[in-house]
Amino acid sequence: MHGFLAALRSELFVARHTLGARLVVLLPITLVLLQYLFTRLGEAGEAARDNLLGSNSFDEQLASNAWGYFVDGLTTGLTVLGLLLVAQAAYSFSADRDTGAIRHLVIRSSSRPAIVLAKLAYLHLLALCSIVLLLIGSYLLSAQFWEFGAVIEDGFELIGEAEIREEISLGLRLALAPLPAAIAFGLLVSVAANTSTQAVVSALGLTLALDILKGMLGNVANYLYVSYQPSLIDQSYLQEVSRLVRGYSDVLIDDRLLQLNTWVPIPALVLFIVASLVIVNRRSL
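Residues numbered from 1 in each chain as written. Predicted model: local features only at pLDDT ≥ 70, side-chain atom pairs only at ≥ 80, totals over all residues. Heavy atoms only, no water.

Structural notes on the environment of Pro178
For Pro178, the position within the fold is in the loop between α7 (161–176) and α8 (179–192). Taking C-alpha positions, Pro178 is 9.3 Å from Gly82, a pair spaced 96 residues apart along the chain. (Helix = DSSP H or I, 4+ residues; strand = E, 2+ residues; numbered from the N terminus.)

Next up, the structure:
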């Protein structure tokens, strides 16, 4: 694609000097840190209250296991990251069009499709940096506040560490599967919108609307990529993993939904990319 590398280098250069890129990378793990601090303070207060009252309502052994909090941190971080990436994607093309930067790139070195694909690649690199930081940071922070180990209650092992790691790995893969489609959706709105403000508001508004309405759509929601993404109204498998790694045995796993989680985001991703490339070739810059 003519000018793809030039456009990508331009995106990476601009990213080093913009607040938006820093927020996408740093904000998720920062919120996870705050979540852990508030949780730890709440546990300390509950334990102190039980000691004063002489009761045993606070199960210190189960509460001290870090795996559940690790998953909670991942869920929080990925929820925030999904919204940030949609907003950043929606802002990217439309803001450059508003300032005339897109026209400058087209005149000098890059085709329109190359610019769209370069932005898509850049946003995925940005997401990758944030995810790596989120994974490492959540693990280290949860290990600092709690202890990793098998879930044991009354001397019986409810779930071993090997099973816990396997479930977390599966939950994380399924939670990340819809993320490229979410990025591509934000970029599609960015290409189609008239201004950057309109693009960001529309992309976030539609994303949140789908998140709210998915519970009312019945089986139709199973074919929407947003149904499998960690969100404010969370129905993702990672949410179930949070309960599994705490030893809850009433979690029902539907293999059909897990398969849909893997495959449904792919056609959505392709559709959004193709639509973006078609629209960008027909719109004036």
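As for a nonpolar patch on the surface
On the surface, Leu208, Ile212, Leu213, Met216, Leu217, Val220, Leu232 and Ile233 cluster together into a nonpolar patch covering about 750 Å² of accessible area. Structurally, the position occupied by Met216 is in the loop between α9 (196–213) and α10 (237–244). Given a relative accessible area of 63%, Met216 falls into the exposed group. (Patch = residues over 30% accessible without salt bridge, like charges linked within 9 Å, V, L, I, M, F, W, Y side chains within 5 Å. Areas by Shrake-Rupley, 256 points an atom, 1.4 Å probe, with all protein chains shown as cover. Salt bridge = Lys/Arg side-chain N within 4 Å of Asp/Glu carboxyl O. Buried < 20%, exposed > 50% of the residue type's maximum accessible area, 1.4 Å probe, protein only.)

Some points on the environment of Ala150
Tracing the chain through its elements places Ala150 in the loop between α6 (112–145) and β1 (151–153). What makes Ala150 partly exposed here is its relative accessible area of 24%. Between the C-alpha atoms of Ala150 and Glu163, which are 13 residues apart in sequence, the distance is 9.1 Å. If we skip the residues at most four places from it in the chain, Ala150 touches Asn65, Glu157, Ile159, Gly160 and Glu161. (Contact = heavy atoms within 4.5 Å.)

Some words on the environment of Ser142
As for its placement among the helices and strands, Ser142 is situated in helix α6. When the C-alpha atoms of Ser142 and Asn222 are compared, they prove to be 32 Å apart, with 80 residues separating the residues in sequence. Leaving out residues up to four positions away in the same chain, Ser142 has contacts with Tyr36, Ala66, Phe70 and Phe148. In this structure the side chain of Ser142 is engaged in a polar contact, spanning 3.0 Å, whose partner is the backbone oxygen of Tyr139. (Polar contact = N/O pair within 3.5 Å; in protein donor to acceptor, adjacent residues only side chain to side chain.)

Read these as geometric descriptors, not functional statements.
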